[in-house]
Amino acid sequence: MELAVIGTGYVGLVAGTCFAETGHTVTCIDNNEAKIEMLSRGEIPIYEPQLEDLVKRNVKKKRLFFTQDLEGTIAKADVAFIAVGTPEGEDGSADLTHVLTVARQIGKALTRPLVIVTKSTVPVGTGDRVKAEIAKVTSMHVDIVSNPEFLKEGTAVEDFLKPDRIIVGAESETAKAVMADLYAPFNRTSNRVVFMDVRSAEMTKYAANSMLATRISFMNEIANLCEKVGADVNKVRLGIGSDPRIGSSFLFPGVGFGGSCFPKDIRALVRTGEQHGSQMTILKRVDEVNDRQKSVLLEKVIAAFGEDLKGKTFAVWGLAFKPQTDDMREAPSITIIEGLLKRGAKVRAVDPEASKTAKRVFNDSITIEEDQYGILEGSDALLVVTEWNEYRRPNFKRMKELLKQPYVFDGRNVFEPDTMRKMGFKYTGIGRP
Ligand code: NAD
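A brief structural summary.

Observations regarding the sheet that holds strand E1 (residues 2-6)
If you walk across this open sheet you meet the eight strands as E3-E2-E1-E4-E5-E6-E7-E8, and the pairing is mixed. Each of the sheet's edge strands pairs with one partner strand only, and the pair in question is strand E3 (64-67) and strand E8 (193-196). Here the strands of the sheet are splayed against their neighbours by 25° on average, with no regard to which way each runs. As paired elements, strand E5 (residues 114-118) and strand E6 (residues 142-146) share five bridges and run parallel to each other. Each residue of the ladder has a partner; that of Ile-116, found in E6, is Ile-144. Strand contacts of helix H2 (residues 33-40): strand E2 (25-29) and E3, with the helix running at about 150° to E3, the strand carrying the most contacts. Docked against the sheet, helix H5 (residues 97-109) engages E1, strand E4 (79-82) and E5, running at close to 160° with respect to E4.

In structure tokens, the structure reads:
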């Protein structure tokens, strides 16, 4: 089939490339000229494991193309995916400007019936709005499908090629057949396509992200209480996770969740609730708990050094909102570092993949370096903010020699408190005595 994917970000680029990998001809469209130029030169604008090789291979095989020309691409497409951003609007709701703009553009470009698939995370009812937007400009038949994406940044390619489930909200039999055929290559061992109506599919995405965010905020509150009562959240985590009704995933406490999805998606669902007179009480608290959690590490620093941090230097390991990505949208590192800077401290930071992003976020207010040990030299403390694997078993002896004071604030519990103290560190984790 000829596929058009509109929006070439984390979702669109991965989805388009993986569909090309199964033999389809895929044209990825973006209105960001610089991005399309980069991709056309074979450069990948984001860091995502495995993606570069896949993109290069499919470009070489002439199955994957990049363009700004939406009109020309839609004219020859069998299926169009909308994968543009749906950022948080001023009132917390999902801003659908990009989605509806693209819908109108598709409508104007239609030369024959088309299956239009929304991959972006969109509030319930958006399928109808996309259809209405298209009907304003053409009478051509379109099939509207909701196919929310569940890939995770950092393992996006792997997730797309081996999905746990493929949610397809579709009304017509034609659209269902097209979607089943498109996903068949990723669905060979057992059928993981779950068909439903469009509204339920749209809701499924928000419900999934909200449940995951709830688990994190829940564990963060348990961790904070563990600290007060002298319990170890890591043991509690193992203790509760072995119950199959609870399960062991997504129970790690830390410095709060960030990223391009959880924060905006829970706020959007709260807003949808308000619009329909249905209070999303739990989710409001999940958001509040998370906001508070982003300051927990900073509070520990203040407890050790006082409010005035002038003359102090802090080394930060990890800036991305989680490992294996260069994405810093809503990253806890931003809250923590801004808090340190506001109190007069100097910050030196490293991240294996997010340094370019970090330079845009912080300008020159902090120094971003390459060497995780170099930034310890003369620093008053180390803060571990993102749990990249390379920070888990570092050279502790060297760390201790380089740090001016052996303070370690571990926001991700990557080290063992007893071992750290035995080595002479002044160590604090999250929720551990
Ligand atoms: P992104 O910001 O990385 O990419 C969006 C792309 O759309 C950008 O390249 C932008 O230039 C392009 N775009 C915007 N308006 C356009 C227009 N009018 N025409 C053409 N291109 C346009 O976003 P993302 O992280 O890929 O997320 C896309 C959607 O998928 C969002 O709704 C998000 O919530 C959802 N989602 C994201 C993830 C994730 O892990 N990032 C996972 C699942 C779902």
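Notes on the site of the ligand
Around the ligand, a shell composed of 26 residues is seen, among which Asp-30, Lys-35, Thr-86, Glu-153 and Lys-264 lie nearest. Measuring from a nitrogen atom of the ligand, one finds a backbone N or O atom of Asn-31 at 3.3 Å. The side chain of Thr-86 places a nitrogen or oxygen atom 2.5 Å from an oxygen atom of the ligand. Protein contacts shield 89% of the accessible area of the ligand, which totals 830 Å² for the unbound molecule. When contributions to the shell around the ligand are tallied by element, the ones reaching two or more residues are helix H1 (10-21) and H5. Of the residues assigned to the shell around the ligand, the class counts are eight nonpolar, 11 polar and seven charged.

Concerning helix H12 (residues 281-293)
The end-to-end C-alpha separation of H12 is 18 Å, in line with the 18 Å expected for 13 residues at 1.5 Å each. Looking at H12, one finds that the buried residues are Leu-283, Val-286, Asp-287, Val-289, Asn-290 and Gln-293. Down the axis of H12, the smallest arc covering the buried residues is 165°, so these residues share one side. Of the surrounding elements, those touching the buried residues of H12 are helix H9 (198-229), helix H11 (262-275) and helix H13 (296-305).

A short note on the pattern of salt bridges
Scanning the model with the defined rule gives 34 salt bridges in all. Salt-bridge contacts for Glu-401 lead to Lys-397; the nearest nitrogen and oxygen are separated by 3.5 Å. Of this pair, Glu-401 and Lys-397 both sit in helix H16 (residues 396-402), four residues apart, which is roughly one turn of that helix. Comparing Glu-401 with Lys-397 shows no difference in burial state: the two are exposed. Several salt bridges share partner residues, and in doing so they unite Glu-88, Arg-267, Asp-287, Lys-294 and Glu-330 into one network.

What to know about the pairing of strand E7 (residues 166-170)
Across the five residues of E7, five count as buried, placing the element largely inside the fold. Of the pairings in the sheet, the one linking E6 to E7 comprises two bridges and is antiparallel in character. Within the sheet, the bridge partner assigned to Val-145 lies in E7 and is Ala-170. As judged from the four bridges shared by E7 and E8, these two strands associate in the parallel manner.

Criteria and cut-off values
Residues numbered from 1 in each chain as written. Predicted model: local features only at pLDDT ≥ 70, side-chain atom pairs only at ≥ 80, totals over all residues. Heavy atoms only, no water. Pairing = 2+ DSSP bridges. Helix = DSSP H or I, 4+ residues; strand = E, 2+ residues; numbered from the N terminus. Axes fitted to C-alpha atoms, helices over the stretch in contact; angles between N-to-C directions. Contact = heavy atoms within 4.5 Å. Near = heavy atom within 4 Å. Polar contact = N/O pair within 3.5 Å; in protein donor to acceptor, adjacent residues only side chain to side chain. Areas by Shrake-Rupley, 256 points an atom, 1.4 Å probe, with all protein chains shown as cover. Nonpolar A, V, L, I, M, F, W, Y, C, P; charged D, E, K, R; others polar. Expected span 1.5 Å × (residues − 1). Buried < 20%, exposed > 50% of the residue type's maximum accessible area, 1.4 Å probe, protein only. Arc of directions from axis to C-beta. Salt bridge = Lys/Arg side-chain N within 4 Å of Asp/Glu carboxyl O.

Geometric descriptors of this kind do not, in isolation, establish any biological role.
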